[in-house]
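A look at the structure
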Amino acid sequence: MKVTRLPDVERGIERTVAVGTFDGVHVGHRQVISGSTSVLTFDPHPVSVVAPQHTPRLLTTLQRKAELIASLGVTELIVIPFDAEFAKRSAGAFIDDVLVAALGATQVAIGENFRFGHKAHGDWHLLAADDRFATVVHPLLEVDGEIVSSSHIRGLVLAGEIVEANRLLGASFKLLGEVVHGDQRGRELGFPTANLVPDEALVCPGHGVYACLADGRPAAVSIGVRPTFKTGRGELIEAYILDFDGDLYGSTLRLQFLERLRGERRFEDPQSLIEQMHRDVERTRALAAAS
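The rules behind these values
Residues numbered from 1 in each chain as written. Predicted model: local features only at pLDDT ≥ 70, side-chain atom pairs only at ≥ 80, totals over all residues. Heavy atoms only, no water. Pairing = 2+ DSSP bridges. Helix = DSSP H or I, 4+ residues; strand = E, 2+ residues; numbered from the N terminus. Axes fitted to C-alpha atoms, helices over the stretch in contact; angles between N-to-C directions. Contact = heavy atoms within 4.5 Å. Salt bridge = Lys/Arg side-chain N within 4 Å of Asp/Glu carboxyl O. Buried < 20%, exposed > 50% of the residue type's maximum accessible area, 1.4 Å probe, protein only. Parallel < 35°, antiparallel > 145°, perpendicular 65-115°, else oblique. Left-handed = near helix turned anticlockwise from the far one by under 90°. Nonpolar A, V, L, I, M, F, W, Y, C, P; charged D, E, K, R; others polar. Phe/Tyr/Trp six-rings, centres within 6.5 Å; stacked < 30°, edge-to-face > 60°.

Our focus in this paragraph is the sheet that holds strand S4 (residues 76-81). With parallel pairing, the six strands of this open sheet are ordered in space as S1-S4-S3-S2-S5-S6. The outermost strands of the open sheet, each flanked by one partner alone, are strand S1 (2-5) and strand S6 (134-138). Taken pair by pair, the neighbouring strands of this sheet meet at an average axis angle of 25 degrees, ignoring direction. Bridge count for strand S3 (residues 38-43) against S4 is six bridges, and the pairing is parallel. In the sheet register, Val39 faces S4, and the bridge partner there is Leu77. Sheet strands touched by helix H5 (residues 91-102): strand S2 (15-19), S3, S4 and strand S5 (105-111). Its angle to S3, the strand with the most contacts, is close to 140 degrees.

Here it is as structure tokens:
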């Protein structure tokens, strides 16, 4: 899939375009995108520009968003570099300059709650009234009586409800980060870990222990502050990769979350923690084999 910034987009060709922020590329987004050859999105998230105090922690980086959209058979992802100047553009100018002049849109697909233009004055009614392209408006998707939305899925991830979050995403929730040096506590316990510092711009699963795949290998992953030990460290992501012995420092590790095993707990002594970690590892092995 080709990824292009809006100023560099190829003009003079016709496109069927799905438009949206698409954070998470969840199952509702997938319905909007289905059948379109191109996807138009925004980076950074528009809220971070127009109301930075309300900027959400994102489910996906632009790289992960592109990966997910490519998996849907889309041939082109067009990214609008969203800034204060673009935010001033009227809804009419967005239609004229972007959808028609730049993209040559013959069809525009959106979710029914999509808003655009200065102060979000544009909506699906404005698009549908334009006869230069066909407009496809997708109603909000409900699953088990709950509207599927990025904000709802963020809440599930924060609560550690990974199985339900994955179901609504339509794919496993993933995090990636650089492996950094820790204080070797895991190694002392017989469970050497690859340590990642959470990216504050992204949603991180709530404190606890998770069954994951780390670059495809089964991994028991702890997220939290390690209450059994007084380390003085902040929040950490610690991945014990099963049946692996190697140096990962400085490399980028991708974690695919399968299921939450338990919450973060304080143990009476290191031996009790070790016994629990053995149980976590065996449960992780079973879940990874079934995934």
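Read on, since the account is not over.
If you walk through the whole model with that rule in mind, you get 14 salt bridges. A salt bridge links Glu164 to Arg167, with the nearest nitrogen and oxygen atoms 3.0 Å apart. One end of the pair is Glu164 and the other is Arg167, both in helix H8 (residues 162-169) and three residues apart, which spans about a single turn. The class for Glu164 is partly exposed, based on a relative accessible area of 26%. With a relative accessible area of 39%, Arg167 lands in the partly exposed category.

Turning our attention to the packing of helix H7 (residues 150-158) against H8. The interhelical angle for the contact between H7 and H8, taken along N-to-C directions, is 155 degrees, at an axis separation of 8 Å. As summarised for this structure, H7 and H8 are arranged roughly antiparallel, according to the angle between their axes. Here H7 and H8 pass one another in a crossing that is left-handed. Facing H7, whose interface residues are His152, Ile153, Leu156 and Val157, H8 presents Ile162, Glu164, Ala165, Leu168 and Leu169. For the contact of H7 with H8, a count of residues per class yields seven nonpolar, one polar and one charged.

Attention shifts here to the pairing of strand S11 (residues 208-214). With seven of seven residues buried, S11 lies mostly within the body of the structure. Covered by surrounding structure in S11 are Gly208, Tyr210, Cys212 and Ala214 together with Val209, Ala211 and Leu213, the residues of both alternating faces. Direction of pairing for S11 relative to strand S12 (residues 217-224): antiparallel, over a ladder of seven bridges. Bridge pairing in S12 links Tyr210 to Val221. Connecting S11 to the antiparallel partner S12 that follows it, the hairpin turn spans two residues, and Asp215 within it adopts a positive phi of roughly 50 degrees. One ladder, built from six bridges, connects S11 with strand S14 (residues 252-262); its direction is antiparallel. The residue bridging Cys212 from the neighbouring strand is Phe257, located in S14.

With that settled, consider the packing of aromatic side chains. This model, assessed by the stated rule, comprises eight aromatic pairs. Taking the centre distance of 6.0 Å and the plane angle of 85 degrees together, the rings of Phe42 and Phe82 count as edge-to-face. Of the two residues, Phe42 sits in strand S3 while Phe82 sits in the loop between S4 and helix H4 (84-87), which places them 40 residues apart along the sequence. In terms of burial, Phe42 and Phe82 fall into one category: buried. Taken together, a centroid distance of 6.3 Å and an interplanar angle of 90 degrees make the contact between Phe86 and Phe94 edge-to-face. Here the aromatic residues Phe42, Phe82, Phe86, Phe94, Phe114 and Phe116 are joined through ring pairs into a cluster of three or more.

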